[in-house]
Amino acid sequence: MKKKGFTVFELLAVIIVIAVLTLVAIPELVKVINGTKDSSKLETVKNYVKALEDQIIAEQFDKAPLKNGCYIVEDGIIMRKGNYANPDDARIIPAAKGDLPEEGWVIMKDDSVIKGQFIISDTIINYDGTDSHLDTEKEGYSLDSSCIED
């Protein structure tokens, strides 16, 4: 008479094989997830900058033009320089989708962002005027010298 089923040793062998495969797969899965998050943040910065430039151009017709120089970003909003009777007139709120930078700075020249640094979800992202890059050098968040002079 034959028994149906598995022995304890066979079950234990299957469990060990599954555990080893899991230990190998999980770190790779974490790398893929983190890489995807970083890519998303880089695209977020490029979209934010594009939306900011579009908003500045759109507002030129009914608000004061934006002066060249450095502007601080707080919760995705930058403020025009100068005194305004209505504080809302000083705000530039880009119509960007997704997460907005919690903080950062941009250097504007002729209605374009030529340089910037942003923090999104504790990740520092540098913008060089054409593309965004993670702060892989771990230099940290710092204001550009032209921002300090303003």
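Residues numbered from 1 in each chain as written. Predicted model: local features only at pLDDT ≥ 70, side-chain atom pairs only at ≥ 80, totals over all residues. Heavy atoms only, no water.

1. Re the overall build of the protein
Here is step 1 of the chain: If you tally the helices and strands in the protein, you get three helices and seven strands.
Here is step 2 of the chain: Shown N-terminal to C-terminal, the secondary structure of the protein runs as helices and strands in the order α-β-β-α-β-β-β-β-β-α.
Here is step 3 of the chain: The globule rule puts the C-alpha radius of gyration for 150 residues at 15 Å, and the 25 Å found for the protein is more than 25% above it.
Here is step 4 of the chain: Expressed as lengths along the three principal axes of its C-alpha atoms, the size of the protein is roughly 95 × 30 × 25 Å.
Here is step 5 of the chain: The burial tally for the protein puts 29% of its 150 residues in the buried class. (Helix = DSSP H or I, 4+ residues; strand = E, 2+ residues; numbered from the N terminus. Rg over C-alpha atoms; globule rule 2.2 N^0.38 Å. Buried < 20%, exposed > 50% of the residue type's maximum accessible area, 1.4 Å probe, protein only.)

2. Observations concerning the pattern of salt bridges
Here is step 1 of the chain: Applying the stated criterion to the full structure yields six salt bridges.
Here is step 2 of the chain: The closest approach of N and O atoms between Glu28 and Lys31, which form a salt bridge, is 3.4 Å. Note that Glu28 and Lys31 are positioned in helix α1 (residues 8-59) at a spacing of three residues, about one turn of the helix.
Here is step 3 of the chain: For Glu28, a relative accessible area of 45% gives the class partly exposed.
Here is step 4 of the chain: Assessed through its relative accessible area of 55%, Lys31 is described here as exposed.
Here is step 5 of the chain: Salt bridges sharing partners connect three or more residues here, namely Glu43, Lys46 and Asp131. (Salt bridge = Lys/Arg side-chain N within 4 Å of Asp/Glu carboxyl O.)

3. Side note on the sheet that holds strand β1 (residues 69-74)
Here is step 1 of the chain: A sheet is described by the order of its strands in space; here seven strands give the open sequence β3-β2-β1-β4-β5-β6-β7, paired in antiparallel fashion. Edge positions in the sheet fall to β3 (91-92) and β7 (132-134), since each has one partner strand and no second.
Here is step 2 of the chain: Here strand β4 (residues 103-109) pairs with strand β5 (residues 112-120) via seven bridges, running antiparallel. Within the sheet, the bridge partner assigned to Lys109 lies in β5 and is Ser112.
Here is step 3 of the chain: Seen against the sheet, α1 touches β1, β2 (77-79), β3, β4, β5, β6 (123-127) and β7 and runs at an angle of roughly 135° to β5. (Pairing = 2+ DSSP bridges. Contact = heavy atoms within 4.5 Å. Axes fitted to C-alpha atoms, helices over the stretch in contact; angles between N-to-C directions.)

4. What to know about the nonpolar core
Here is step 1 of the chain: Judged by nonpolar contacts, the single largest core of 18 residues is most densely connected at Val45, Leu52, Ile78, Val106, Met108, Val113 and Phe118.
Here is step 2 of the chain: Among the secondary structure elements, those contributing two or more residues to this core are α1, β1, β4, β5 and β6.
Here is step 3 of the chain: When residues in this core are grouped by element, the largest group, six residues, is from α1. (Core = buried A, V, L, I, M, F, W, Y, C linked by side-chain atoms within 4.5 Å.)

5. Overview of the pairing of β4
Here is step 1 of the chain: Counted residue by residue, β4 has five buried out of seven residues, so it is predominantly covered.
Here is step 2 of the chain: In this structure, β1 lies alongside β4, joined through six bridges in antiparallel fashion. Counterpart to Val73 in the pairing with β4 is Gly104.
Here is step 3 of the chain: From the end of β4 to the start of β5, which pair antiparallel, there are two residues, and Asp110 there has a positive phi angle of about 55°.

6. What about the pairing of β1?
Here is step 1 of the chain: Two strands pair when backbone bridges link them, and β1 and β2 are joined in this way by two bridges, in the antiparallel orientation. Note on β2: the bridge partner recorded for Val73 is Ile78.
Here is step 2 of the chain: Between β1 and β2, which pair antiparallel in sequence order, lie two residues; one of them, Asp75, sits at a positive phi of approximately 50°.

7. Let's talk about unusual backbone geometry
Trans peptide bonds make up the majority, and among non-glycine residues the majority have a negative phi.
Here is step 1 of the chain: The phi dihedral of Asp110 falls on the positive side, at around 55°, and the residue is not glycine.
Here is step 2 of the chain: Within the secondary structure layout, Asp110 lies in the loop between β4 and β5.
Here is step 3 of the chain: A positive phi angle, near 50°, is found at Ser121, a position not held by glycine.
Here is step 4 of the chain: With respect to the secondary-structure elements, Ser121 resides in the loop between β5 and β6.

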